[in-house]
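Fold and geometry: a report
The primary structure of each chain is shown beneath.
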Amino acid sequence: MRTTTLSSTMSTLRLLILLFPAIAAAQEPVRILPVGQLPQDARLAPPKDLNGYFPFAPPASQETWQARAEEVRTQLKVALGLWPMPPKTPLNLEKVGQHTFDDYQVTGIRFESMPGFFVTGSMYEPVGKQGPFPGVLCPHGHWDNGRFYVANDGEVKKQIASGAESIEETAKNPIQARCVQLARMGCVVFQIDMLGYADSQQLSFDLVHRFGKQRPEMNTNQRWGFFSPQAESHLESVMGLQIWNCIRSLDLLETLDNVDKSRLAVTGASGGATQTMIVGAIDPRIAAVFPAVMVSTAMQGGCTCENCTLLRVGTGNVEFAALFAPKPQGLTAADDWTKEFETKGFPDLKQLYTLMGAEDKVHLTARTEFGHNYNAVSRRAMYELFNQEFSLHASVEERPYQRLGEKELSVWNDQNRPTYTEEFERNLLAEWTAISNQQIDSLLLGDNDSFQKFQEIAEPALGVMVGTETPTMEDLEFDVKVKEQREDYLLIGGLLHNDQNGSQLPALFLYPKDNWGGHTVLWLSEEGKNGLFAENGRLKSEVAKLVSAGVSVAGIDLIYQGEFLTDGHALKETPKVENPREAAAYTLGYNRAVAAQRITDILAMATFMRNHDRAPKSIGMVAFDPAMAGIASVAMAKQPKAFDFATLKTDGFRFGEVDSIRSPNLLPGGAKYGDVPAFLALAAPIPLRVTGETGETLEATTKAYERLDQKDRLILSNDVDVTPIDWVLGQLSRFQ
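The structure presented is a predicted model; accordingly, all values stated were derived computationally and were not measured.

What about the packing of helix α17 (residues 541-548) against helix α23 (residues 724-731)?
α23 packs onto α17 with a crossing angle of 20° between their chain directions and a minimal axis gap of 10 Å. Between α17 and α23, the crossing angle belongs to the class labelled roughly parallel. Considering only the axes of α17 and α23, their crossing is right-handed. Of the residues in α23, those touching α17 at Glu542, Lys545 and Leu546 are Ile725, Asp726, Val728 and Leu729.

Some thoughts on the packing of helix α16 (residues 448-466) against helix α20 (residues 626-638)
The geometry of α16 relative to α20 is characterised by a closest axis approach of 10 Å and an angle of 125° between their N-to-C directions. With respect to α20, the element α16 is oriented oblique. Classified by chirality, the crossing of α20 by α16 is left-handed. Residues Leu462, Gly463 and Val466 of α16 touch α20, and the partners they reach there are Val634, Ala637 and Lys638. Here the residues of the contact of α16 with α20 are counted per class, giving four nonpolar, one polar and one charged.

Description of the nonpolar core
If you look at the biggest cluster of nonpolar residues, it comprises 178 residues, and the most contacted ones within it are Leu203, Phe226, Leu253 and Met636. In terms of residue count, helix α19 (residues 594-611) provides more of this core than any other element does, 11 residues in total. Discounting residues that sit within four places of it in the chain, phenylalanine 226 has contacts with Leu203, Leu207, Arg215, Ala231, Glu236, Ser237, Val238, Leu241, Glu425, Leu428, Leu429 and Trp432. Among the nonpolar cores identified, the runner-up in size contains 43 residues, and Tyr104, Phe148, Val189 and Tyr374 belong to it.

Section: the environment of serine 166
Along the chain, serine 166 turns up in the loop between α4 (153-162) and α5 (168-172). For serine 166, a relative accessible area of 62% gives the class exposed. Considered as a pair, serine 166 and serine 237 are 71 residues apart in the sequence and their alpha carbons are 39 Å apart.

Description of the pattern of salt bridges
The final tally for this structure, using the stated rule, is 39 salt bridges. The shortest N-O distance in the salt bridge between arginine 184 and aspartate 103 comes to 3.3 Å. Of this pair, arginine 184 sits in helix α6 (residues 174-185) while aspartate 103 sits in the loop between β1 (94-100) and β2 (104-114), placing them 81 residues apart in sequence. We classify arginine 184 as buried; its relative accessible area is 13%. Taking the shortest distance from any N to any O, the salt bridge between glutamate 384 and arginine 380 comes out at 3.2 Å. Taken together, the residues glutamate 384 and arginine 380, both in helix α13 (residues 376-389) and four residues apart, mark about one turn of the helix. Owing to a relative accessible area of 38%, glutamate 384 belongs among the partly exposed residues under this scheme. Here arginine 380 falls in the partly exposed class, since its relative accessible area comes to 33%. Connected through salt bridges with shared partners, the residues Lys88, Arg248, Asp251, Glu254, Asp283 and Arg285 form a single ionic network.

Conventions used here
Residues numbered from 1 in each chain as written. Predicted model: local features only at pLDDT ≥ 70, side-chain atom pairs only at ≥ 80, totals over all residues. Heavy atoms only, no water. Axes fitted to C-alpha atoms, helices over the stretch in contact; angles between N-to-C directions. Helix = DSSP H or I, 4+ residues; strand = E, 2+ residues; numbered from the N terminus. Parallel < 35°, antiparallel > 145°, perpendicular 65-115°, else oblique. Left-handed = near helix turned anticlockwise from the far one by under 90°. Contact = heavy atoms within 4.5 Å. Nonpolar A, V, L, I, M, F, W, Y, C, P; charged D, E, K, R; others polar. Core = buried A, V, L, I, M, F, W, Y, C linked by side-chain atoms within 4.5 Å. Buried < 20%, exposed > 50% of the residue type's maximum accessible area, 1.4 Å probe, protein only. Salt bridge = Lys/Arg side-chain N within 4 Å of Asp/Glu carboxyl O.

Below you can see the structure in the form of structure tokens.
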């Protein structure tokens, strides 16, 4: 444990009490640092954005990697809203039209990945060959009109002249060309539309890929839209939906009689490569992947469809690609953000494959003379990989083919083609929310076995939402800066340093004059440590009552409270990256939310309070500001033994009702797993008093206490006349 100066000063407390006269007059707010000086907290640095540096550090052993890989996979699933995986509803497959050629055929496909929501695309199948065949999923990237892409004559000539392409028809539509070639080689290929492209118009291109401005009319507590604070609290994103479409597309391939389920592959470029590496990381059915021109230590994906909150906090695309090891993987680099991948990132990926005994299973085609592409040179590398791994024994040489146009490829006609409406968007998210709530509530409100399953889901999710690491005393140091006697208590102030995350938190401890009974309470307030005091600088009456009863009370400035504020005004809008588009994922996909950081601060303070040399008999928590009570509930859920009892005034606060993506109370995922009632249920059976709730609104919490036969430990304000502070004092006898 690092040396702390708090314990070394305790022997001088009685002397200090004699030296300092009582101060009855009004006091200035207690500061730890000089006016104008901010804490030296690493988290005050500008937030990381998608253009940062995202290296991958190869592990020292396979065991180390297995643990890390599982952690990152869980992070991906939680961030995408796929933890737990939603139930798989009927696909309701419809085939629309068929075009047959000498050695392959093309069929229009539409199916429902969720009730009423269609995935659209084209199925390419071999003709004249005996199956079953490998199944290859082909998500495209941000090529104009996607599956219907047609390059202009000037672009075609340019591609051929540069050596990027050699056949005019493949240059016209390289997306279609790779599907044709794979079918000719002996694969069943499903080319799907990204959201907002080609036939997938139930969500518009502008919404999915060009969202830039918050829509107040869609930021409602019921029937909200994408990119709203409510959607972020429920982890509902266009990226998550797009990955779900990929998973359901693999489900479809598995149902086909002519597909070999043991030989499934995914390949795409750019935004299609984002889908490729993500679905490859989380879906164990996939046997080979080829993400082109995306994976790098540089830019991680600029589109809203490639970002969601929580996704890349502490990780990045190279590590996502690493999750596929040791299975076969091919990648490409070009004259874009991947141009340094050959020397930055790929050697580390190769090192991991080598560690896992699969050095020859990962390949990079670095052709940086070409711009951003999935050209014939890159496609050939993909054909060679699949040819070898799937034992196709086929030619990898592309040949001319009859390119199909939009009319032939479309799965809709003018009479049945769906179009985007805000009402459909609301309905879709309402359906998604209902499905998720049903999954969670059936476990949260069920029997003991069901609740245990809920815990198995919620605890890893909390690790993603807040962070998996909890500081130990080895990480903490308290540097005393202030010692004063005030009336009947001694005030000790200082900075709580946490080496684990580089934080530095101004904190106060109020010790009773001479009757400390060994009990300590952490007092949380929107005002930080100044919440201990009334306007005249004297202790608030409730705090004074605790101190006079022999209870030590601690206060703390959580990040962006108290001395973290330059103007003294409460934080209204959280820091953000420079990206002008008003999507929370651009900031919170790479950085912890302020609410999550504050939860970590609470747990760091609790660790220090419990483990310093004068260890208390009990540690309680008081939070009378509803938002602080909500954040406290998450801290209690994440580390149930951090506190021995708590009194919270939630007044119905819910993370799912936070009304701004810039609110310090926004916690991505905060509503998905049952919100405040579920977090309090996870803290059971500590003695808990909650104000502003009823048995109905806290049904999940009351059931948790009932399951443990500890219903008497949960007190709701309308059930008892005793004040919260008197209730706290009444708990102390439990911990003698």
